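Listed below are the residues making up each chain.
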Amino acid sequence: MKKFLFIIDPIAQLDPTHDSSVAMMESAQVLGHEVYITTIDKLSVVGGKAYGHISPVTLKPVQLIEGKWIVEKEWYQVGDAFFSPLEFCDVVLMRKDPPVTTAYLYATYILDLVDSQKTKVVNSPQGIRGANEKMYALQFTDVIPETIVTQSKKVIADFLQEKQALILKPLGGKAGEGILFMQEGDRNFNSLIEISTKQGQEPIMVQEYLPSAKEGDKRIILLGGKPIGAVNRIPTGKEFRGNMAVGGRVAQTEITPRELEICDAIAPTLLDDGLIFVGIDVIGGYLTEINVTSPTGIREIDRLDHVNLGQETIKFLLEVE
């Protein structure tokens, strides 16, 4: 029996029918391990070691009934917190949702002080710090759509003239928040750029619009550099974004040969950077984002494909060096 610590947002805020952290916590418990939770504001450094106020948690796993996850009203029970070195646990999973704020970064510095010979930290705190979920993909130029990062209105205007339609993304966003679609001739061009770049004070990511986005934005889960499952997120209504957080419809899908090429292209870098559990986004055969903080998708893939990626992940973390 091993001890797993999950650094999460307050557990009352999590959705057990959707959240991958809950899926992994349930899996660890079902496999006979002890599960503990904490939040980044409860981390400390004492005597050069990472400490935290951690609490044991017991979960009532969700049930898949007629294609839907069913959860009990009182789905978790948290025990009394105690102050302990994080090395009390065998595995620590950093699963705090973005944005990556100053407090988030400080938490990763605390996690640097966990003795890796005693406790595995997933994902690597150094890897998380170095892998902005928008910028990190830019090093893989052969598999991403044409992309620029800038706060210059003129540079964006020139790119728009060339591409006719663009997607604007804040570099620190999550779950589709703040993503904008822009076409040439848009009368709101100046305002959209001013809002997105905060009056030219912050750079944004600008990607050519991929018409195949209408067919879905695929989330692929990679574990140890290998794809273990995927789900397609399809825009609904007039919404151009497929993210589940903004109402995208999820559908069963398969991983294509092109997508396997993308996974193979990025896997060595992911592993070098200690990024073990990763969610990538692919549209029309192009990599658009690499999610390393708290990628989701497990529940949806499990429901559609009748698998258990949570248990697969927990078993893998105990086997890999």
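In short, a report on the structure. Note that this is a predicted model, so its numbers are computed, not measured. (Residues numbered from 1 in each chain as written. Predicted model: local features only at pLDDT ≥ 70, side-chain atom pairs only at ≥ 80, totals over all residues. Heavy atoms only, no water.)

1. Focus on helix α5 (residues 189-196)
Buried residues of α5: F189, L192, I193 and S196, and no others. Seen from one end, α5 has its buried residues packed into an arc of 95 degrees, which puts them on one side. Tucked inside the fold, the buried residues of α5 contact α4 (153-163), β12 (165-170), β13 (180-183) and β14 (204-208). Positioned one or two residues after α5, K198 has a phi angle of 55 degrees, which is positive. (Buried < 20%, exposed > 50% of the residue type's maximum accessible area, 1.4 Å probe, protein only. Helix = DSSP H or I, 4+ residues; strand = E, 2+ residues; numbered from the N terminus. Arc of directions from axis to C-beta. Contact = heavy atoms within 4.5 Å.)

2. Concerning the packing of helix α1 (residues 20-30) against helix α8 (residues 309-319)
For any two helices packed against each other, one specifies the crossing angle of their axes together with the interaxial distance. Running from amino to carboxyl end, α1 crosses α8 at an angle of 65 degrees, the nearest separation of the two axes being 8 Å. With respect to each other, α1 and α8 are oriented roughly perpendicular. Judged by the sense of rotation from one axis to the other, the crossing of α1 with α8 is right-handed. Counted together, A23, M24, S27, A28 and V30 of α1 and G310, Q311, T313 and I314 of α8 form the full contact between these two elements. (Axes fitted to C-alpha atoms, helices over the stretch in contact; angles between N-to-C directions. Parallel < 35°, antiparallel > 145°, perpendicular 65-115°, else oblique. Left-handed = near helix turned anticlockwise from the far one by under 90°.)

3. Brief notes about the pairing of strand β3 (residues 43-46)
Bridge count between β3 and strand β4 (residues 49-59): 4 bridges; the pairing is antiparallel. Counted as the bridge partner of V46 is K49 from β4. Connecting β3 to the next strand, β4, in antiparallel fashion are 2 residues, including G47 with a positive phi near 60 degrees. (Pairing = 2+ DSSP bridges.)

4. A short note on the sheet that holds β13
In a beta sheet, neighbouring strands are held together by backbone hydrogen bonds and run either parallel or antiparallel to one another. Strand order in the open sheet formed by 4 strands is β11-β14-β12-β13, and the pairing between neighbours is antiparallel. This sheet does not close on itself; its edge strands, each paired only once, are β11 (147-150) and β13. Taken pair by pair, the neighbouring strands of this sheet meet at an average axis angle of 25 degrees, ignoring direction. Pairing analysis gives 4 bridges linking β12 to β13, with the strands arranged antiparallel. Directly across from I167, in β13, lies its bridge partner F181. Strand contacts of α5: β12, β13 and β14, with the helix running at about 150 degrees to β13, the strand carrying the most contacts.

5. Section: the pattern of salt bridges
Pairs may arise between side chains of opposite charge once their charged atoms sit close together. The full count for this structure, using the stated rule, is 18 salt bridges. One salt-bridge network, held together by shared partners, links D217, R219, R233 and D281. (Salt bridge = Lys/Arg side-chain N within 4 Å of Asp/Glu carboxyl O.)

6. Some points on the packing of aromatic side chains
If you walk through the whole model with that rule in mind, you get 7 aromatic pairs. Centre to centre, the rings of W75 and Y76 are 4.7 Å apart; their planes meet at 70 degrees, and the pair counts as edge-to-face. Judged by relative accessible area, W75 falls into the buried class, the value being 8%. Residue classification places Y76 among the partly exposed residues on the basis of a relative accessible area of 28%. Between the aromatic rings of Y136 and F140, the centroid separation amounts to 6.2 Å while the plane-to-plane angle is 75 degrees, which identifies the pairing as edge-to-face. (Phe/Tyr/Trp six-rings, centres within 6.5 Å; stacked < 30°, edge-to-face > 60°.)

7. What about the sheet that holds strand β16 (residues 226-234)?
Pairing is antiparallel in the open sheet, where 5 strands are placed in the order β17-β16-β15-β18-β19. Where the open sheet ends on each side, the last strands, each with one partner, are β17 (249-251) and β19 (286-291). For this sheet the average axis-to-axis angle between neighbouring strands, irrespective of direction, equals 30 degrees. As judged from the 3 bridges shared by β16 and β17, these two strands associate in the antiparallel manner. Bridge pairing links N232 to A251 in β17. The strands touched by helix α7 (residues 298-305) within the sheet are β15 (217-223), β16, β17 and β18 (277-283), with β16 carrying the most contacts at an inclination of about 90 degrees.

8. Overview of the nonpolar core
Core analysis: the largest hydrophobic core is formed by 30 residues, its most contacted members being F6, I11 and M25. Both domain 1 (3-123) and domain 3 (212-292) contribute no fewer than three residues apiece to this core. Sequence-distant contacts of M25, that is, excluding residues within four places in its chain, are made with F6, I8, L14, V35, I37 and L59. Grouped together as the second largest cluster of nonpolar side chains are 20 residues, I144, V278, I280 and L287 included. (Core = buried A, V, L, I, M, F, W, Y, C linked by side-chain atoms within 4.5 Å. Domains from an automatic or database assignment.)

9. What about the side chain of E133?
Here E133 lies in the loop between α3 (125-130) and β11. Excluding anything up to four places from it in sequence, E133 contacts P98, E289, I290, N291, V292 and T293.

10. Quick notes on empty space enclosed by the protein
In total, this model carries 1 cavity of 30 Å³ or more according to the counting rule given. What the largest cavity holds in volume is close to 50 Å³. Lining of the largest cavity is provided by M24, L93, M94, R95, V122, N123, F277, T293 and L317. Of the residues belonging to the lining of the largest cavity, the class tally is 6 nonpolar, 2 polar and 1 charged. (1 Å grid on protein atoms, 1.4 Å probe; cavity = no way out; pocket = protein on both sides within 12 Å on 5 of 7 lines; lining within 4 Å. Points joined across faces, edges and corners; volume = space filled by probe spheres on them. Nonpolar A, V, L, I, M, F, W, Y, C, P; charged D, E, K, R; others polar.)

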